[in-house]
There are 2 protein chains.
Amino acid sequence: MAIHGAWILITIISIWCVESKYMVYNTTSKTVPGKLNVHLVAHSHDDVGWLKTVDQYYVGSNNSIQGACVQNVLDSIVPALLADKNRKFIYVEQATKNGGMCMHDEAAPHYIDMIDQTTLGHRFIKREFNFTPRIGWQIDPFGHSAVQAYLLSAEVGFDSLFFSRIDYQDRVKRKAEKSLEVVWRGSKSLGTSAQIFAGVFPENYEPPSKFYYEVNDDSPIVQDDMELFDYNVPERVNEFVAAALSQDKRVNALYSTPSIYTDAKYATNEVWPLKTDDFFPYSDHINAYWTGYFTSRPALKGYVRTMSGYNLAARQLEFFKGKSKAGPNTDYLADALALAQHHDAVSGTSKQHVADDYAKRLSIGYEKAAKVVETVLASITRSSSKTNSGSPCLLLNISYCPASEVDLSNGKNLVVVVYNPLGWKREDVIRIPVIDENVNVKDHGGNKIKAQLLPLQNASLVIRKYYSMIYLGKSPSVTPKYWLAFSASAPPLGFNTYFISSGKREETTIATPSKNHVEISSKGKQKEVIKVGPGNLKLVYSTNQPKLVGYISSKKMIKESVRQSYSFYSGNSDIQQASGAYIFRPNDTDSTKLGDGASFTVLRGPILDEVHQKISSWVYQITRVYKEKDYAEFEFTVGPIPINDGIGKEVVTRISAPMKTNKTFYTDSNGRDFLKRIRDYRKDWTLDVNEPVAGNYYPINLGIYMKDDNKELSILVDRSVGGASIKDGQLELMLHRRLLQDDGRGVTESLSETVCIQNECTGLTIVGKYYLRIDPLGEGAKWRRSFGQEIHSPFLLAFTEQEGDGWANSHVSSFSWMDTFYVLPDNVAMITLEELNDGKVLVRFAHLYEVGEHKDLSVMASVQLKKVFAHKKINKVREMSLTANQGRAEMEKKRLVWKVEGSSEEAPKVVRGGPVDPATLVVELAPMEIRTFLIDFD
Amino acid sequence: MAIHGAWILITIISIWCVESKYMVYNTTSKTVPGKLNVHLVAHSHDDVGWLKTVDQYYVGSNNSIQGACVQNVLDSIVPALLADKNRKFIYVEQATKNGGMCMHDEAAPHYIDMIDQTTLGHRFIKREFNFTPRIGWQIDPFGHSAVQAYLLSAEVGFDSLFFSRIDYQDRVKRKAEKSLEVVWRGSKSLGTSAQIFAGVFPENYEPPSKFYYEVNDDSPIVQDDMELFDYNVPERVNEFVAAALSQDKRVNALYSTPSIYTDAKYATNEVWPLKTDDFFPYSDHINAYWTGYFTSRPALKGYVRTMSGYNLAARQLEFFKGKSKAGPNTDYLADALALAQHHDAVSGTSKQHVADDYAKRLSIGYEKAAKVVETVLASITRSSSKTNSGSPCLLLNISYCPASEVDLSNGKNLVVVVYNPLGWKREDVIRIPVIDENVNVKDHGGNKIKAQLLPLQNASLVIRKYYSMIYLGKSPSVTPKYWLAFSASAPPLGFNTYFISSGKREETTIATPSKNHVEISSKGKQKEVIKVGPGNLKLVYSTNQPKLVGYISSKKMIKESVRQSYSFYSGNSDIQQASGAYIFRPNDTDSTKLGDGASFTVLRGPILDEVHQKISSWVYQITRVYKEKDYAEFEFTVGPIPINDGIGKEVVTRISAPMKTNKTFYTDSNGRDFLKRIRDYRKDWTLDVNEPVAGNYYPINLGIYMKDDNKELSILVDRSVGGASIKDGQLELMLHRRLLQDDGRGVTESLSETVCIQNECTGLTIVGKYYLRIDPLGEGAKWRRSFGQEIHSPFLLAFTEQEGDGWANSHVSSFSWMDTFYVLPDNVAMITLEELNDGKVLVRFAHLYEVGEHKDLSVMASVQLKKVFAHKKINKVREMSLTANQGRAEMEKKRLVWKVEGSSEEAPKVVRGGPVDPATLVVELAPMEIRTFLIDFD
């Protein structure tokens, strides 16, 4: 910690050796006025997976990679603490023994996952030790988010937050002006009500050089046994004092904790500088921007995000039926997800075998959660047999869904149960592969509904075949010919059932692919452009040089020239600083454009139009425009990234429009608040622009947008990626990276993901989506927020088969757990509904809008708990801190109130929802507010 | 351990992790008949200095070299043992915490040091834990000595001895014929009375591959927590069984110890093969004979041997005066010496900084012991002032002795106190540097005695100047011109005083150096040879091509043609197997001869003649022939060994005579028994001769000799060296080695010792001595044994100055602690006389001759304790085991008696001394017997 007043905080990653002989120095276990008080904080720092897997770190196996054994730390620290009551130790993580708390990354995780994983840890600590942590300790993550500050620190009741990695230029300035310690107000909406005292270490989180004790480190140990050689207490004390001292004062060193340090700081009653926004991007060197990891391991990032949504939905279903402690439940998935938030997990910065371990855990968790889903849906729909009920269909991204690829010619119906985990009524297009072209779709009332068959294109079949071999070890037995698309709806927290049967197509149409589609104008001339989209939204494509050129939304009165392209940066392979898992360092600010003017194939139909483009031999894109949706969906297939030219590549997509954006764009903070970004600029200091591309990248979890005087152009993403606006009127997302060098931050592997069949390996191919929409100025938030929730929580599909048509007679075909006439307000999402192991139910509601974000929706909202839980009797509701380890009121009472520079009157008044009346049970939510409740049901 | 019967012993160097969950296997903590019983022996293996120093290993510092922290082992093992009472652990060493017991080397230590260091450990264990070890565990030393087997195993009361490193060819044969487990009868003289059950591991001491648990090793740990990933108990059990199983039986694995294993073996009542002699040399590969370390670090080896003698003498003096617990005592030196016996210490196989640490400890120990000597001698001689009394003179080998280099022109006398630590009356030539040529020497009766001044030659002065800078950091203030030599005598365990004063020389003569000394024969012709030596013994030198050509002892009627030379082998630098600290691998069987025919300078005098030869620019030799001694002394100065040709060199000296030795020669075992060696031959197997030089090297501590039908040619050494007889009639000693490659056995340093002034470093120069004598056949033993004791225990000199001649009036000038008319028999030495910290006195007498070694002296001898301790009253005498941790009778009673192949009647009858009559207190000693007593004095 900076010397601010007269405290120094020195961290020590170490284990004491307990010795019976010692030299007595004149120090106390308390801070001493008038002396330079040096707080020695001994702490663990266990990466729950980095160079080794979490379990390997715990049990101490695979030590040839890294000598580390957490259980030995635990076994040795306890006697050391017992031996001297003055000693302190902070155990930073819980995950090392099947707990759930890690030091999560702050760039790549979604805020719901951050809350979940922190809750897991905090409740574990509360349950096992009856202790409520007071301090945030994010010393390793590679940059720090606003959400971490206000949500995961202030809102969990912390009194301070410590971390170390901020931009080296920022640090220099803060050291000089003594502003390493600040009050950080991370939320514009929650303002002073959710600010936190934050301390940045003067260096990286290592202790002063020569006092860094990790396995095999070269710092000399304090050899305090006078009977042995190399006794060095006096020298080490002198070195310590020298390291600590920069003022002419006497030194008092004490075993300390961040809590003790925080209290000492607080007791000074000082006024602290104000910090807003966040600490992204992070750079530790002139050419070392840690912005590559925003995209590193996109498949893992996508998997984590998919599992996050699945977990949320599965927990809801688990709650409805009652959680099974013995049988399968969602705990494993929750654990795996928590672990995956670690700053070397979803960040993409672990070794390959460790990344595999995270994925394996998610996969096991998913299997268990899928069993829960299957059982609950079978029970709720009153299926007589559980067989096949709820068969999941997770490989849709490679066009593979065995449950839907069934032969219906024998008269069977394919029953599709569509569960909606959102609190709103919802309608969405479902796309599943089928093997038969003669199919019809009926709703739960038995009415045939519109459906569309889209022939599976060869590019998709190739991916399907290759990756099913990789994932399943075998090729699928059948090959579907079509995607069947139809529009499904489901009530809030409820489901609906659809039936697919074989027979003469009635409401089903087949889209015929047309290559380089040409239309003839009324004047008999070949049109230079074509419009794609069966509904209000049209994408305009040039046919000469086939490419996207325009975006027209007649409903929104938008008509915009739009371009879209793919390019790659060449990764720098300079051994001084290469581009790698952490660091994005392109060879050049210029990038290489891929396949401009590629030919395309158009598939049209009543539900959606698709444009298929082979951009290059290793980039394929399907653009979808839905009749009922006012956005365009881009599904990209990127890979294997070729490296036979010896050059690593970082693939980006760009969307541009002739908008005067004045260097400004907006990116979300962990999927929650949007922060304003200005190219080549930092609010906190005068930026030396050394990396004009990498230095302008920011993490994106929900989306990125830009605006001009008239409109907003937004892109939403399906996983965390890096994004930027390198030119005015242009947004870019980095979608995939494959690099040939290690970037020298410890992983000692190059980031070059491959998949292998036998010994034949190829670069990993990524299939993902992003979404584009243009709104009139001030209206974009509604889509970003509502559709953002839909991306996170898609329909959960379950399949079963049934003989004949009698399903509706014997089953429940449609149902909502909420009151039939109730939906959540448009500005509120239920982000948690979970039965805890003690039987209590954890519920969180989140207001989705910031103050001023939307003219109608940035207002106080109300949720009627009785209607949300219409089918249950609420016994007791207790509002809790965000991580549910203490009562909210109790937390508010204890919280330290820090003084901030500038008068407090200047800070805008903060509005929050009022207390919940036990009679009415109405929950008010102010903009950006998240409220957490433990509910007892009868 | 070999599968012999149905036991396997598997060693595990490991720490248990204590886990609460486990899988129950059907095993017991006992051996089970009918199953293959696999004894799992968890043990420590802490090198008390190898890559790190002993203290660094203990506290866990310097972990960048090697991750090892013994106190952590101790801290973790105790809870692990407490957690499961079935668990066992053997803690192999004690030295890690200022104890004294290491796993000593078996090639380079002297048997007295082996006894001392083992005693230190055993008595520590007895005192702290009231436990008497039963098992020898020498799993790491690089070959195994007969003395280890019979003396340090059988005679300390062990029931078995385990080790692993034997010649790879030997191992193959033993594995095949199931003779890895044997009864080892190491002593020809003590025969069946001192044999031991010995087990050789079937591989090196590592457990089966994949079960080798050391820091950062790749063996997978047993991950036994089913809730974590990589749970592998079933696989590991299967692998374990596969590793253990080579018979079709069921396996029972148990936590075990060597004791349990030994008892199980013993219970089978089997008959074991007999092993005699030793397991030298050790080779682990066709070109990897571990015979280089017999000589590696000759300076350290010399220092250890010098300190061994000093320690023996200092302890005697300490006993005479009464040991001080508070003040300086000899304990530190004893500890340092014990440590220095470690198999990476005196062996010369540690890293350089660790070797420095051993030397530093010896140096500190010496300083403390010298204080004891000074105090005791001052007290005993009744010196009024302690000042300067007993000033030691340890740097005589570089011609530096500040105490004797004093100005006597002011009338002062230099008082020289000569202490004789042997039990025999003794006369020896003392040589000390003096600055004045006008000196006389008087005995304690005031009589002037014969003295001889030998001008210090330039070669010696160069060494003196350079090494005093290195050792002391400064050049001596004066430069002595002469060595003063005179013959001194001292009673057994007593001292005598001599006085050196300035004045006209009376009985003192100056030897004038004569270059290439030429004598004219009576016929007026230049003699072709000259004879050197003022007494009975003459060395004959050719003058044409100046070199030694003959040896004439008129008294012994010996006249022999003798040659002596220096050569070097070029160390192989093949990276597959280079010559290095452990391994001797010459490039070629041929060596390069150094300076044949070098010119020489002769100094003659009444006491001794010296021949100075500059053999080459880096080899210098002084040959001394004393008037009263019937041996020649060779003092060699070897170094800096040049390496600017990029070739490492291993320097040998050779003595040859026209003797038909039929490939046969004799070398000692740790300075005790002599073993017969036959070139290119092993008694236990048919040797494939792959290394005709290195494979014929043996460790030498006392000496090496060869014989023919008429005579014996013996060489005795002043430290441990490697030696061989590569040709009939020739003996060679390796004196120094400097190599440029590491030999791949873990040290990762090349053995290239240097000394530095500032940053200027040169190769280390070695000054040492060896001694040559030729006897009629059957008469060599007397010299080897008696003079061997004199080499180990030279006169201890102390110096003081006195004004005038009144010393005798006020001081005791001559004294023996033994009865004035008593001396020990010629065949007995007192090898220990030590006051223990509990006040008891530890005494050991050793018979110096083997059965049949000498016609008169290989007989039962008697020592009269009352006369030995003539000045003290003996209260109680208790005979103890060799390491004095149990009564001898008790030990004999407990000892397991093993059955040996061949009828026991065939074994020669063993004679031992009878019980000590408490009235007469006469100790009988049979050939080679060592008897140990604890004596209470009143």
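No experiment lies behind these values; they were computed from the predicted model shown. (Residues numbered from 1 in each chain as written. Chains lettered and ligands numbered in written order. Predicted model: local features only at pLDDT ≥ 70, side-chain atom pairs only at ≥ 80, totals over all residues. Heavy atoms only, no water.)

A. The arrangement of the side chain of T623 of chain A in detail. Residues and elements named next belong to chain A. Mapped onto the elements of the fold, T623 is located in strand β29 (residues 619-626). For T623, the side chain forms a polar contact with the side chain of Q621, separated by 3.3 Å. Setting aside residues no more than four positions away along its own chain, T623 makes contact with L539, Y541, D609, E610, V611, Q613, E633 and F634. (Helix = DSSP H or I, 4+ residues; strand = E, 2+ residues; numbered from the N terminus. Polar contact = N/O pair within 3.5 Å; in protein donor to acceptor, adjacent residues only side chain to side chain. Contact = heavy atoms within 4.5 Å.)

B. A look at the pattern of salt bridges. Inspection of every chain in the model, using the stated rule, returns 118 salt bridges over all chains. Here R174 of chain B makes a salt bridge to D684 of chain B, at a shortest N to O gap of 2.8 Å. Here D684 of chain B lies in the loop between β31 (673-678) and β32 (698-700) and R174 of chain B lies in helix α5 (residues 168-177), a separation of 510 residues in the sequence. Here R174 of chain B falls in the buried class, since its relative accessible area comes to 6%. A salt bridge links D428 of chain B to K629 of chain B, with the shortest nitrogen-to-oxygen separation between them at 3.8 Å. You can see D428 of chain B sitting in strand β11 (residues 426-434) and its partner K629 of chain B sitting in the loop between β27 (619-626) and β28 (632-638), a full 201 residues away along the chain. The pair formed by D428 of chain B and K629 of chain B is uniform in burial state, with each residue classed as buried. Bridged by salt links that share partners, the residues E155, R888, E892, R895, R912 and E929 of chain A form one connected network. (Salt bridge = Lys/Arg side-chain N within 4 Å of Asp/Glu carboxyl O. Buried < 20%, exposed > 50% of the residue type's maximum accessible area, 1.4 Å probe, protein only.)

C. Quick look at the nonpolar core. Residues and elements named next belong to chain B. Y111, Y310, L824, F845 and F869 are the most contacted members of the largest nonpolar core, which totals 103 residues. With 12 residues, helix α10 (residues 352-380) is the largest single contributor of residues to this core. Setting aside residues no more than four positions away along its own chain, F845 makes contact with L824, V828, A829, M830, V863, L865, V868, L925, E929, I930, R931 and F933. (Core = buried A, V, L, I, M, F, W, Y, C linked by side-chain atoms within 4.5 Å.)

D. Spotlight on the relation of the copies chain A and chain B. Under the fitted operation, chain A is carried onto chain B by 0.1 Å of movement along the axis and a turn of 179°, and the coordinates agree to an RMSD of 0.1 Å. Here the two chains are linked by the operation of a two-fold rotation axis. The C-alpha atom lying nearest the rotation axis in chain A is that of S76 of chain A; the distance is 3.9 Å. In this assembly, 100% of the residues forming the interface of chain A have copies in chain B that are likewise at the interface, indicating an isologous arrangement. (Least-squares fit on C-alpha atoms with pLDDT ≥ 70 in both.)

E. View of the sheet that holds strand β5 (residues 181-185) of chain B. All names here are of chain B. Read across the sheet, 5 strands follow the order β3-β4-β6-β5-β9 without closing on themselves; strand pairing throughout is mixed. With partners counted over all chains shown, the strands left at the sheet margins are β3 (135-138) and β9 (274-276), one partner each. Neighbour-to-neighbour, the strand axes of the sheet open up by a mean angle of 30°, direction not taken into account. (Pairing = 2+ DSSP bridges. Axes fitted to C-alpha atoms, helices over the stretch in contact; angles between N-to-C directions.)

F. Just the UniProt feature "domain: Glycoside hydrolase family 38 central" (unreviewed entry) in chain A, in detail. As recorded in UniProt, the sites labelled "domain: Glycoside hydrolase family 38 central" (unreviewed entry) are residues 288-362 of chain A. With 60% helix and 3% strand, residues 288-362 of chain A has end C-alpha atoms that lie 31 Å from one another. (UniProt positions renumbered as here; feature names shortened; annotations may be inferred.)

G. Local environment of the pairing of strand β14 (residues 439-442) of chain A. Residue and element names in this part refer to chain A. Neither face of β14 is exposed, since V439 and V441 on one face and N440 and K442 on the opposite face are all buried. Relative to strand β18 (residues 494-502), β14 is paired through 4 bridges, and the arrangement is antiparallel. Bridged to V439 within β18 is S502. Sheet topology note: the β14/strand β15 (residues 448-449) ladder contains 2 bridges and is antiparallel. By the bridge assignment, V441 is partnered in β15 with I449. The loop that links β14 with its antiparallel partner β15 comprises 5 residues; one of these, G446, has a positive phi angle of about 90°.

H. Structural detail: helix α11 (residues 458-472) of chain B. Residue and element names in this part refer to chain B. An ideal rise of 1.5 Å per residue puts 21 Å on 15 residues; α11 measures up with 20 Å between its terminal C-alpha atoms. Turning to α11, its buried residues are S460, I463, R464, Y467 and S468. Summarising the axial view, the buried residues of α11 lie within an arc of 120°, below the 170-degree limit, and thus occupy one face. When the buried face of α11 is taken as reference, the exposed residues oriented beyond 90 degrees from it are N458 and K465. On its buried side, α11 packs onto β27, β28, β37 (754-757) and β38 (760-763). G473, located one to two residues past α11, shows a positive phi value of around 80°. (Expected span 1.5 Å × (residues − 1). Arc of directions from axis to C-beta.)

I. Region of interest: the state of the cysteines. Residues and elements named next belong to chain A. Counted according to the given criterion, the structure contains 2 disulfides over all chains. A sulfur-sulfur distance of 2.0 Å marks the disulfide that ties C756 to C761. Here the S-S torsion is close to 105°, and the disulfide linking C756 with C761 is therefore right-handed. A relative accessible area of 41% places C761 in the partly exposed class. (Disulfide = S-S within 2.5 Å.)

J. Structural detail: the sheet that holds strand β19 (residues 529-532) of chain B. All names here are of chain B. Read from one edge to the other, the open sheet built from 4 strands follows the order β19-β20-β21-β22, with strand pairing classed as antiparallel. Every other strand in the sheet has two partners, leaving β19 and β22 (558-561) as the edge strands with one partner each. Neighbour-to-neighbour, the strand axes of the sheet open up by a mean angle of 25°, direction not taken into account. Looking at chain direction, strand β21 (residues 547-553) and β22 are connected through 4 bridges and run antiparallel. Bridging from a neighbouring strand, Y551 pairs with E560 of β22.

K. Structural context of helix α7 (residues 258-267) of chain A. Residue and element names in this part refer to chain A. Looking at α7, one finds that the buried residues are P258, Y261, T262, A264 and K265. In a view along the axis of α7, the buried residues occupy a sector of 160°, so they form one face of it. Count one or two residues on from α7 and you reach N269, which has phi positive near 60°.

L. Just the packing of helix α3 (residues 111-129) of chain A against helix α8 (residues 298-321) of chain A, in detail. Residues and elements named next belong to chain A. In contact at an axis separation of 10 Å, α3 and α8 are set at 65° when each is read in the N-to-C sense. As α3 runs across α8, the sense of the crossing is left-handed. Judged by residue contacts, I112, D113 and D116 of α3 engage V304, S308, N311, L312 and R315 from α8. Considered class by class, the residues forming the contact of α3 with α8 number 3 nonpolar, 2 polar and 3 charged. (Left-handed = near helix turned anticlockwise from the far one by under 90°. Nonpolar A, V, L, I, M, F, W, Y, C, P; charged D, E, K, R; others polar.)

M. Main features of the side chain of S714 of chain A. All names here are of chain A. Here S714 lies in strand β36 (residues 711-717). Engagement of the side chain of S714 in a polar contact is seen with the side chain of R784, the distance being 2.9 Å. Excluding anything up to four places from it in sequence, S714 contacts I704, Y705, Y771, L772, R773, W783 and R784.

N. Spotlight on the interface of chain A and chain B. Across the boundary between the two partners, chain A contributes 30 residues, which contact 30 residues of chain B. In this assembly, chain A packs against chain B so that about 2,500 Å² is buried in total across both faces, 49% of it on carbon and sulfur atoms. At the surface where chain A touches chain B, the tally comes to 0 salt bridges. One can count 4 residue pairs in polar contact (both at pLDDT 80 or more) joining chain A with chain B. Those elements giving two or more residues to the side of chain A that touches chain B turn out to be α1 (54-59), α2 (70-83) and α10 (352-380) of chain A. Of the residues in the side of chain A that touches chain B, the class split is 8 nonpolar, 12 polar and 10 charged. (Buried area = accessible area lost by both parts, 1.4 Å probe.)

O. Representation of the packing of aromatic side chains. Residues and elements named next belong to chain B. Within the structure shown, the criterion is met by 90 aromatic pairs over all chains. Aromatic side chains F495 and W817 sit 6.3 Å apart centroid to centroid with 50° between the ring planes, which places their arrangement in the tilted category. Of this pair, F495 sits in strand β16 (residues 494-502) while W817 sits in the loop between β41 (814-816) and β42 (828-835), placing them 322 residues apart in sequence. For the pair formed by F495 and W817, the shared burial category is buried. A centroid spacing of 5.1 Å and a plane angle of 75° characterise the contact between F584 and Y697, whose relative ring orientation is edge-to-face. (Phe/Tyr/Trp six-rings, centres within 6.5 Å; stacked < 30°, edge-to-face > 60°.)

P. A look at the confidence of the model for chain A. Residue and element names in this part refer to chain A. Taken as a whole, chain A shows an average pLDDT of 89; of its residues, 92% reach a score of 70 or greater. Confidence over residues 1-7 falls short of pLDDT 50; this stretch has 41 contacts with residues more than four positions distant or in other chains. Here residues 13-23 is a poorly scored stretch, pLDDT under 50, and it has 38 contacts once near neighbours within four places are set aside; other chains count. At the level of chain-chain contacts, confidence expressed as ipTM amounts to 0.70, with global pTM at 0.76. (pLDDT = per-residue confidence, 0-100.)

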